[in-house]
Amino acid sequence: MAGSSRRAGGRRLQLPLLCLLLQGATAILFAVFVRYNHETDAALWHWGNHSNPDNEFYFRYPSFQDVHTMIFVGFGFLMAFLQRYGFSSVGFTFLLAAFALQWSTLVQGFLHTFHGGHIHVGVESMINADFCAGAVLISFGAILGKTGPAQLLLMALLEVVLFGLNEFVLLSLLGVKDAGGSMTIHTFGAYFGLVLSRVLYRPQLEKSKHRQSSVYHSDLFAMIGTIFLWVFWPSFNSAPTPLGDGQHRTALNTYYSLTASTLSTFALSALVGRDGRLDMVHVQNAALAGGVVVGTSAEMMLTPFGALAAGFLAGTVSTLGFKFFTPILESKFKIQDTCGVHNLHGMPGVLGALLGVLVAGLATHDSYGEGLESVFPLIAEGQRSATSQALHQLFGLFVTLIFASVGGGLGGLLLRLPFLDSPPDSQCYEDQIYWEVPEEHADLAQGSLRPEEPDTQA
Amino acid sequence: MAGSSRRAGGRRLQLPLLCLLLQGATAILFAVFVRYNHETDAALWHWGNHSNPDNEFYFRYPSFQDVHTMIFVGFGFLMAFLQRYGFSSVGFTFLLAAFALQWSTLVQGFLHTFHGGHIHVGVESMINADFCAGAVLISFGAILGKTGPAQLLLMALLEVVLFGLNEFVLLSLLGVKDAGGSMTIHTFGAYFGLVLSRVLYRPQLEKSKHRQSSVYHSDLFAMIGTIFLWVFWPSFNSAPTPLGDGQHRTALNTYYSLTASTLSTFALSALVGRDGRLDMVHVQNAALAGGVVVGTSAEMMLTPFGALAAGFLAGTVSTLGFKFFTPILESKFKIQDTCGVHNLHGMPGVLGALLGVLVAGLATHDSYGEGLESVFPLIAEGQRSATSQALHQLFGLFVTLIFASVGGGLGGLLLRLPFLDSPPDSQCYEDQIYWEVPEEHADLAQGSLRPEEPDTQA
Amino acid sequence: MAGSSRRAGGRRLQLPLLCLLLQGATAILFAVFVRYNHETDAALWHWGNHSNPDNEFYFRYPSFQDVHTMIFVGFGFLMAFLQRYGFSSVGFTFLLAAFALQWSTLVQGFLHTFHGGHIHVGVESMINADFCAGAVLISFGAILGKTGPAQLLLMALLEVVLFGLNEFVLLSLLGVKDAGGSMTIHTFGAYFGLVLSRVLYRPQLEKSKHRQSSVYHSDLFAMIGTIFLWVFWPSFNSAPTPLGDGQHRTALNTYYSLTASTLSTFALSALVGRDGRLDMVHVQNAALAGGVVVGTSAEMMLTPFGALAAGFLAGTVSTLGFKFFTPILESKFKIQDTCGVHNLHGMPGVLGALLGVLVAGLATHDSYGEGLESVFPLIAEGQRSATSQALHQLFGLFVTLIFASVGGGLGGLLLRLPFLDSPPDSQCYEDQIYWEVPEEHADLAQGSLRPEEPDTQA
């Protein structure tokens, strides 16, 4: 207990000071650099003599709100499946994402909307900042329960920068299409987190093993996250696409892809389950893989059948990954992937990138008509062939894997700094070291869970 | 246990094979028949020289998202009130609705948007598919806890076809108005499910009686479903109406009707409750009856007072139904209605149809002005009198009851096929035969619930 | 038990009769006064030869839906943190808000949209009614657990009238700007509730003290409320603003303010917590203060930095309020503030009003350009200087505090009427006297909670 108090003493100042420092820094940078864009500034908007219904707000804000809900409700509750880590799952999601929104406004702003010495913000920058927060939360999923909040904030500090750079290379330099972020969000976030988890490998993690499972109601809380993610994913993929048919088609493709990943997840989960029983972990996660896998291609002329096929494949791969690959990932590769982000974001993200390569390579003037300009401007303008676009897409995946791996490695080294608030092996997946936990629960938890557990004497 | 294993052995292949078979079949049909419509196809949209802000997406997608949330979050959690059936309630809702979206895209497509050998899809077909999924979930509510997932998929396979046919007869052949589906969704879904439940009658169901009640937190999970249904119901009824005043008025009427059903539900629940206590079952369900009862008429010039009166009546009837009629339904009619869909969807749906008869019969050129064309085109064009429209509405209700009853009967016969995954009487309302349930819960459940229960020895 | 039965006997009729009486009265008033406005009436809309996409519905309904979700899901679940009061928190929120929507349609209608003997309703009146319901629920938060449902309905009956009058004085007579309601909603609702709680002071409340805390899962239910409030708050503040840049800017400012209040809440909570531990009460509440504090100024040219600074300040003040001021409020001022509304709505509301004074006072023609007309029409038209507008804003705060205090006092006297359904001191924060509670819970609760508690013998 003395050791715990000392640790707590260090923590007492670490999280507050880091929060205040980061907030102070972003506030100063906001004061110097961030300005309303022409859609949010009173003078600029009216100077332009715009008609109010033309404000971008009316075309993107409903989608933004769905994305915002996914980030905070979806990710937060999806990770609340652990029996004694619900406060941290929902709470640290809240903290991390709030910081990431500010910080990525700056990073993405410098890279994408920096004109005349200023970053200009509006609903599009809000969507992009939320996307970046999504990548950070995916990485969080890989290390859930094994890191403290100060560590997580440092991770976000680094990851947001690398996310912005990778996105800039892909979208602006390589001319890669990736509206829903199969590469920039899912592949990047997953492999960043997995490499980071590898660096933070804990050989003695079985000391916390009894807390790595769910309880009945924690699984239902997690389903709140799952279902909101599932329902709003069409808005996620379509939020940043060109207006009109592009946004409409993206939502439609995502909708169908998700229905197929749901069916394949139930099929595979029962097939590989003990006595044909379904597994909540699969349903909570793999059923969402259909949203990830069309993140690059949903904007394209994927066709409704293509969406079903992609979703079906993603749900299958993801479910089999949970069953067969996650154990190997830990035993062979020493990667402890708490939420199975490799199965939900990693493999489906890579598949999604490859699907994007395929669908881009098949693009023709016939199938897109005049719409080619908005989906593949470089092809429409004759600067690139469809094959060349496909190769650029493939190269984008490669770049993303490099950024994610190197970034995750760096992140791991950063988080291993010994003075940080990392929990001991025996206290992983446990709210009580970071949160005031209601007494009854503490009693109940210690009473009902493996009485032989020597946890409290540690 | 041996019997259970054998059953499990059959189940092990049944659900996966059925999922794969159904997914394979719909995928092939999608490949052959389903195409983007002119709002989602890149070439068609740009060929038409449309302005992007005119894309139907911007007028219907926010409502669609609300409907989508109702189907998956609303219905899923509303049915999670049972103490040991939360995984199944949320999970099977997820599976059933995902399949229904694909299958009804095809069925409704063949009936409504089949041109040039192809079905054309966009946000309107998405809304309609979600509506059909809603009807399937209503039927699911009547048999909740008494059927396995393979049975449920077969039910959906049949019900989606009959839903489409009934809707086609009403909307396309009879010219009936039913935007929010008092008839096509609620009455149809409820009586289909109730007749089906009659055919599946289990005289020995009291063996599972101890699991038919809720626990404290399961009631709160159910309230998540209730409140999301309540809040988004104005979007449900208005999602498919003509744009402009029609959509606006429908949302407004539904909003007021729901406030009144909430007040009458609280009033009646306390009035008939033991010592004036409120009953969660009433609040979770009857408070929503105001949305059902204006499903036909909310689009019409119902007036705000009319909306209040309708909602008040529906909440009253629904609450009294739960208290006095549900027990009779089981004892006299041998219909075991787990969620009380007769009270929330059956009676209020029929009332809503009758209210539609009344309000349609009162339509005048004066009260609708030029707007008559979009609400009652046949009256505006002089093809029908208001009285004739009213009689057509009434006939629509009659047709719906026939379709639902015959369909429910057929469905019941189908689900009684002996090799299906029906749970034994002693294992109804129990997740554990279909799902891996966290150990603590299993222990806890067996420890805390009636220790004399010989359930595990069966 | 005899006493309890007698109380129950009175209650048996009290709540139903009051519901029926209030519903009957509003229904009659609706019949006489409430009519569709020109956007929802079939004849009026088409007579005006409007284009359907111009209907206000398409610009305000998505925001309305977010507000609606906040009122019913957000407030309802936020208050469900108490271990044995979840049914009442969610249920009475439902009842109170449903009644408030009807009643404030009438009150606000008489004050704002009464033309030709009629109140005209549409999406704007729906938003305003929801706002009024928000104020009622804030007051509910101050007295949560200490009042019966009939008392609460009477409170709403009074508060809605005073809310409408105060709002009318501020917006229509004084020309005060307060889009997101820092004054009209938060300050008014909080001080109304706090003064009311003072009048209802219970010196013996420690008899129920063991129920004033949360349990693990009740805190997670509360986080559902928190996160939905946080995510949708940008829609709340922007729902009633002028279209175009105004609505867009308001949402953006609120978004940033909330991120900052989240960071400062986590910082301060850990700083003042035992061993640096975070407190769920702070995270659930203070993190939202950023939405309250920009309720007046988010519409103005606050600048993104200004939003961050305001949010940071609000989160700090709110967290410190929970830690240090709430105990004093009870011990020194005899105000028992169950949900800490003084910290989330009271102080941040007053700060928000003062921030509005400041930002209004700094308004220049340069910074707003032609947009000045829509934010500060009286300044743009030369009827007022910016300083004068600032002074009017300040006077608006003063008026609000008077209305709230006098109203809360009157409300307290009304609720102290001895025949009302007030719970005894030993039964506060307890669902069981108003609701049928599932048996297991009752057993469990009595078994697991302080066995020495003489509660049931009382």
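First things first, this report covers the structure right here in the doc. (Residues numbered from 1 in each chain as written. Chains lettered and ligands numbered in written order. Predicted model: local features only at pLDDT ≥ 70, side-chain atom pairs only at ≥ 80, totals over all residues. Heavy atoms only, no water.)

Residue and element names in this part refer to chain A. On the secondary structure map, Glu159 appears in helix H6 (residues 149-173). Of the buried charged residues, Glu159 lacks a salt bridge, with Lys146 as the closest side chain of opposite charge at 14 Å. Setting aside its immediate chain neighbours within four residues, Glu159 contacts Ala135, Val136, Ser139, Phe188, Gly189 and Phe192. (Helix = DSSP H or I, 4+ residues; strand = E, 2+ residues; numbered from the N terminus. Buried < 20%, exposed > 50% of the residue type's maximum accessible area, 1.4 Å probe, protein only. Lys, Arg positive; Asp, Glu negative; His and termini not counted. Salt bridge = Lys/Arg side-chain N within 4 Å of Asp/Glu carboxyl O. Contact = heavy atoms within 4.5 Å.)

This structure, assessed with the given rule, holds 90 aromatic pairs over all chains. A ring pair is formed by Phe33 of chain B and Phe110 of chain B, whose centres lie 4.9 Å apart and whose planes are at 75°; its orientation type is edge-to-face. Residue Phe33 of chain B is found in helix H1 (residues 2-33), and its partner Phe110 of chain B is found in helix H4 (residues 86-112); the two are separated by 77 residues along the sequence. Here Phe72 of chain C and Phe94 of chain C contribute two aromatic rings whose centre-to-centre distance is 6.2 Å and whose plane-to-plane angle is 90°, an arrangement assigned as edge-to-face. Taken together, the residues span a long stretch of sequence, with Phe72 of chain C in helix H3 (residues 57-78) and Phe94 of chain C in helix H4 (residues 86-112) at a distance of 22 residues. (Phe/Tyr/Trp six-rings, centres within 6.5 Å; stacked < 30°, edge-to-face > 60°.)

What follows covers the environment of Gly349 of chain A. Residues and elements named next belong to chain A. Here Gly349 shows up in helix H13 (residues 341-361). Linking Gly349 and His186, residues 163 residues apart in sequence, is a C-alpha distance of 5.3 Å. In this structure Gly349 touches Ser182, His186, Thr187 and Val292, once residues within four positions along its chain are discounted.

Looking now at the relation of the copies chain A and chain C. The two copies are related by a screw motion: chain A maps onto chain C through a turn of 120° and a shift of 0.0 Å along the axis, at an RMSD of 0.0 Å. This pairing of chains is accounted for by a three-fold axis. Of every C-alpha in chain A, the one belonging to Pro62 of chain A sits nearest the axis of rotation, 3.7 Å from it. Here only 9% of the contact residues of chain A are again contact residues in chain C; the copies associate through non-equivalent surfaces. (Least-squares fit on C-alpha atoms with pLDDT ≥ 70 in both.)

Residue and element names in this part refer to chain C. Taking strand neighbours across the sheet as the criterion, the three strands line up as S1-S3-S2 in an open arrangement whose pairing is mixed. Each of the sheet's edge strands pairs with one partner strand only, and the pair in question is strand S1 (34-36) and strand S2 (114-115). Of the pairings in the sheet, the one linking S2 to strand S3 (residues 118-121) comprises two bridges and is antiparallel in character. Following the sheet pairing, Phe114 is matched in S3 by Ile119. Packed onto the sheet, H4 meets S1, S2 and S3 and runs at close to 110° relative to S3. (Pairing = 2+ DSSP bridges. Axes fitted to C-alpha atoms, helices over the stretch in contact; angles between N-to-C directions.)

A few words on helix H7 (residues 182-199) of chain A. In a regular helix each residue adds 1.5 Å, so 18 residues correspond to 26 Å; H7 of chain A covers 24 Å between its end C-alpha atoms and thus fits that length. At Phe188 of chain A, H7 of chain A shows its strongest bend, of approximately 25°. (Expected span 1.5 Å × (residues − 1). Bend = angle between axes of the 7 residues up to and from the residue.)

Residues and elements named next belong to chain A. Mapped onto the secondary structure, Asn166 falls in helix H6. Using a relative accessible area of 0% as the deciding quantity, one classes Asn166 as buried. If we ignore the near neighbours within four places in the chain, the residues touching Asn166 are Thr184, Phe188, Val399, Thr400 and Phe403.

As a further point, take the relation of the copies chain C and chain B. One chain copy maps onto the other through a rotation about an axis and a shift parallel to that axis. Expressed as a screw transformation, the operator carrying chain C onto chain B has a rotation angle of 120° and an axial translation of 0.0 Å, and the superposed copies differ by an RMSD of 0.0 Å. With a heterologous cut-off of 20% or less, the 9% of interface residues of chain C that recur at the interface of chain B puts this contact in the heterologous class.

With that settled, consider the environment of Val357 of chain C. Residue and element names in this part refer to chain C. In this structure, Val357 sits in helix H13 (residues 341-361). The class for Val357 is buried, based on a relative accessible area of 16%. Each C-alpha atom, one on Val357 and one on Phe94, is 35 Å from the other, the two residues being 263 residues apart in sequence. The contact partners of Val357, leaving out residues within four places of it in the chain, are Ala390, Gln393 and Leu394.

Now for the sheet that holds strand S1 (residues 34-36) of chain B. Residue and element names in this part refer to chain B. Here we have three strands laid out as an open sheet, ordered S1-S3-S2, and mixed in their pairing. The sheet is open, and its two edges are formed by S1 and strand S2 (114-115), each paired on a single side. As defined by bridge partners, S1 adjoins strand S3 (residues 118-121) across three bridges and the pair is classed as parallel. Note that in S3 the partner of Tyr36 across the bridge is Val121.

Nothing here speaks to function; it is all geometry.
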